Amino acid sequence: MMESEPFVYEKVLNAIIAMIRDEGFVPGSKLPGVRSLAQKFGCNLHTVRKAIMFLGENGVVESQGRLGNFVRCDTSHLIGRTQSRLQVVSLRRIGVLLFPAVSEFSTSLLIELQREAGRLELQLEHHVAADWEGAMQAVRAMKRSNCRAMIFVAERERFLTDAARAFLESMPLPLVLGRLVTGYEELCYEPRELYSWFDRDTVYFQFRYFRALGFGHIAYFGRRDEEGKGETHFRCYCECAEEFRRAPDGVFAGPSPAEVDAALAGWECRRGDLAVICYDDIEAMRLVIAARKSGWKLPEEMAVMGVNNFAFSQYVDPPLSTVLFPYRYMAGRMLKRALDFLEEREKFSEAALPQLEVLIRDSCCGRLRRSESELRRLLPQLGAVPAPDMPER
């Protein structure tokens, strides 16, 4: 009986993927020989070679000549996926480029991207580039390995150069940006009208939280070093101050400790009635450490809250209260935007905004002014929920 080549080809392709996944072939493992696979699947050598070639073109298998064929990557992105169309493997591969280096933020985001990719049955390939030339080399490598779209994670300030514009204009792959960049708004993972929701909701929560605790003066602290850094965050703070009829008091300190000391000196008359909203946990930790060195008693004389829950925020004295960044939400939106491009949808996929999650530790003075049960009832009233790992006292 003659083989129906397309049918057998798809069947063998699926069978090899299932074998890699189900029989424990990890990346680097050598596959059985072509003749052995042909006997295993009951087909001719040509069909196996064609399936192996396709898997090689799509980054699943690597041929090393006479040494044989080796598994290049796992197939977890194909779990539960019947390969009814031959292109499904290549169409489910997305690149991730971190620029110019790996950071705590990008590492946390990459972890969630991997989790969401597994849920969406996608395969990720990630690279790191230190400069724009390296970034383009990484993109070309992704294209060669049959990535069909790319996610680009970099600080907003990195796009404010001619080199960045040239990079974006010469992009050979559909691109999803982790930032809203003027002139390239359609590439952002989030539509313009939603993009600043986290900054807005976070600052409004923090402002209302400190008001509920009875603080008379609510200030803002950030870093002055890179153009535009914290601009949206601070604008939201000013809007809050205006809405609640408070005079805005924003301080932007450079890397010099003397500038942080100057900010504390300016707040000296507010001791005991001062709460500070910080751009992120790094700035909050800078402020807390400087205040302790200057003899401030925290949180009694100054309450502080950060954003992002960076790794060392729990180890400062006092441990830092913080609003958690929604990495899972951002990762899901980035991957869905990549799928929008692949499936030629111009409109953004719809998504429900997550609730803010807050870690109340000691720096915000909450437990000195409210009981544990009062705090846990207060957070939902202000638009947030306690983080799952929020400690109890």
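If you're wondering where the values come from, they're calculated on a predicted model, not measured in any experiment.

A.B. asks: Describe in detail the packing of aromatic side chains, supporting the description with residues and values.
C.D. replies: Within this structure, the stated rule accounts for 25 aromatic pairs. On the basis of an interplanar angle of 45° and a centroid distance of 5.2 Å, the ring pair of Phe-152 and Phe-167 is categorised as tilted. Placement of the pair is Phe-152 in strand E5 (residues 149-153) and Phe-167 in helix H7 (residues 162-169), with a sequence separation of 15 residues. The buried category is assigned to Phe-152, whose relative accessible area is 0%. Relative accessible area serves as the criterion here: at 3%, Phe-167 is assigned to the buried category. Feature note: the residues Phe-105, Trp-197, Phe-198, Phe-325, Tyr-327 and Tyr-329 constitute an aromatic cluster, connected by ring pairs. When the ring centre of Trp-296 is taken as origin, the NZ or CZ atom of Arg-271, which lies over that ring, is 4.3 Å away. The ring of Phe-348 is capped by Arg-337, whose NZ or CZ atom sits 3.8 Å from the centre of that ring.

A.B. asks: Give a detailed account of the environment of Cys-236, specifying residues and quantitative values.
C.D. replies: Looking at the element boundaries, Cys-236 is found in helix H10 (residues 231-243). Take Cys-236: its relative accessible area is 6%, and that puts it in the buried class. When the C-alpha atoms of Cys-236 and Asp-199 are compared, they prove to be 7.1 Å apart, with 37 residues separating the residues in sequence.

A.B. asks: Would you mind going over the pairing of strand E12 (residues 356-359) in detail, with residue names and values included?
C.D. replies: Bridge count for strand E11 (residues 321-323) against E12 is two bridges, and the pairing is antiparallel. Note that in E12 the partner of Thr-322 across the bridge is Leu-359. Bridge count for E12 against strand E13 (residues 384-386) is three bridges, and the pairing is parallel. Each bridged residue has a counterpart across the sheet, and for Leu-356 the counterpart in E13 is Ala-384.

A.B. asks: Quick rundown of the sheet that holds strand E6 (residues 175-177)? Include the residues and the values.
C.D. replies: One open sheet accounts for four strands, arranged E4-E3-E5-E6; its pairing is parallel. A strand with exactly one partner marks an edge of an open sheet, and here the two such strands are strand E4 (123-128) and E6. Direction aside, neighbouring strands of the sheet carry axes that sit 20° apart on average. Across three bridges, E5 lies against E6 in parallel orientation.

A.B. asks: Before we move on, could you go through the packing of helix H9 (residues 197-212) against H10 and cite the residues and values that matter?
C.D. replies: Two elements in contact, H9 and H10, have axes whose closest approach is 9 Å; the angle formed by their N-to-C orientations is 45°. Overall, the two elements H9 and H10 adopt an arrangement that is oblique. In this structure, H9 crosses over H10, and the sense of that crossing is right-handed. For the pair H9 and H10, contact is made by Asp-199, Arg-200, Val-203, Tyr-204 and Phe-207 and by Thr-232, His-233, Cys-236, Tyr-237, Glu-239, Cys-240, Ala-241 and Glu-243, respectively.

A.B. asks: Account for the confidence of the model for the protein chain, with residues named and values stated.
C.D. replies: The predicted model of the protein chain has a mean per-residue pLDDT of 88, with 92% of residues at 70 or higher. Across the protein chain, strand E9 (residues 274-278) holds the top mean pLDDT of 98, while helix H4 (residues 88-91) sits lowest at 47. Across residues 1-6, where pLDDT falls below 50, the model places eight contacts with residues more than four positions away in sequence or in other chains. Note that pLDDT drops below 50 for residues 79-90; the model gives that stretch 26 contacts with residues more than four away or on any other chain.

A.B. asks: Break down helix H6 (residues 132-144) for me, citing the residues and quoting the values.
C.D. replies: For H6, with 13 residues, the first-to-last C-alpha span of 19 Å sits near the 18 Å given by 1.5 Å per residue. For H6, every residue scored as buried is listed here: Trp-132, Ala-135, Met-136, Ala-138, Val-139, Ala-141 and Met-142. Close packing links the buried residues of H6 with strand E3 (93-98), E4, E5 and H7. Measuring from the backbone nitrogen of Glu-133 back to the side-chain oxygen at the start of H6 gives 3.3 Å, which picks out Asp-131 as the cap. Two residues or fewer after H6 comes Asn-146, characterised by a positive phi angle close to 70°.

A.B. asks: Please provide a residue-by-residue account of the packing of helix H11 (residues 257-266) against helix H12 (residues 281-293), values included.
C.D. replies: Contact pair H11 / H12: the axes reach a minimum separation of 10 Å and the direction vectors enclose 70°. The orientation of H11 relative to H12 falls into the category roughly perpendicular. Across the interface between the two elements, Val-260, Asp-261 and Leu-264 of H11 pack against Arg-286, Leu-287, Ala-290 and Ala-291 of H12. Taken together, the residues that form the contact of H11 with H12 break down as five nonpolar, no polar and two charged.

A.B. asks: Any chance you could break down unusual backbone geometry for me, citing the residues and the numbers?
C.D. replies: Here the amide bond leading from Phe-99 into Pro-100 is cis, since omega sits at 0°, within 30 degrees of zero. Along the chain, Pro-100 falls in the loop between E3 and helix H5 (104-119). The step from Leu-298 to Pro-299 runs through a cis peptide bond, and the omega angle for that step is 5°. Here Pro-299 is to be found in the loop between H12 and strand E10 (303-307). Although it is not a glycine, Arg-245 sits at a positive phi angle of roughly 55°. Summarising the element assignment, Arg-245 is placed in the loop between H10 and strand E8 (250-253). The backbone of Asn-308 sits at a positive phi, close to 110°, despite the residue not being glycine.

A.B. asks: Kindly report on the sheet that holds E13, identifying the contributing residues and their values.
C.D. replies: Strand order in the open sheet made by the seven strands is E8-E7-E9-E10-E11-E12-E13, with mixed pairing throughout. In this open sheet, the two strands that pair with only one neighbour each are E8 and E13. Averaged over all neighbouring strand pairs, the angle between strand axes comes to 25°, with direction disregarded. Its contacts with the sheet put H11 on strand E7 (217-223) and E8, and the angle it makes with E8 is roughly 160°. Strand contacts of helix H15 (residues 372-381): E12 and E13, with the helix running at about 150° to E13, the strand carrying the most contacts.

The rules we used
Residues numbered from 1 in each chain as written. Predicted model: local features only at pLDDT ≥ 70, side-chain atom pairs only at ≥ 80, totals over all residues. Heavy atoms only, no water. Phe/Tyr/Trp six-rings, centres within 6.5 Å; stacked < 30°, edge-to-face > 60°. Helix = DSSP H or I, 4+ residues; strand = E, 2+ residues; numbered from the N terminus. Buried < 20%, exposed > 50% of the residue type's maximum accessible area, 1.4 Å probe, protein only. Lys NZ or Arg CZ within 6 Å of the ring centre and 35° of its normal. Pairing = 2+ DSSP bridges. Axes fitted to C-alpha atoms, helices over the stretch in contact; angles between N-to-C directions. Parallel < 35°, antiparallel > 145°, perpendicular 65-115°, else oblique. Left-handed = near helix turned anticlockwise from the far one by under 90°. Contact = heavy atoms within 4.5 Å. pLDDT = per-residue confidence, 0-100. Expected span 1.5 Å × (residues − 1). Polar contact = N/O pair within 3.5 Å; in protein donor to acceptor, adjacent residues only side chain to side chain. Nonpolar A, V, L, I, M, F, W, Y, C, P; charged D, E, K, R; others polar.

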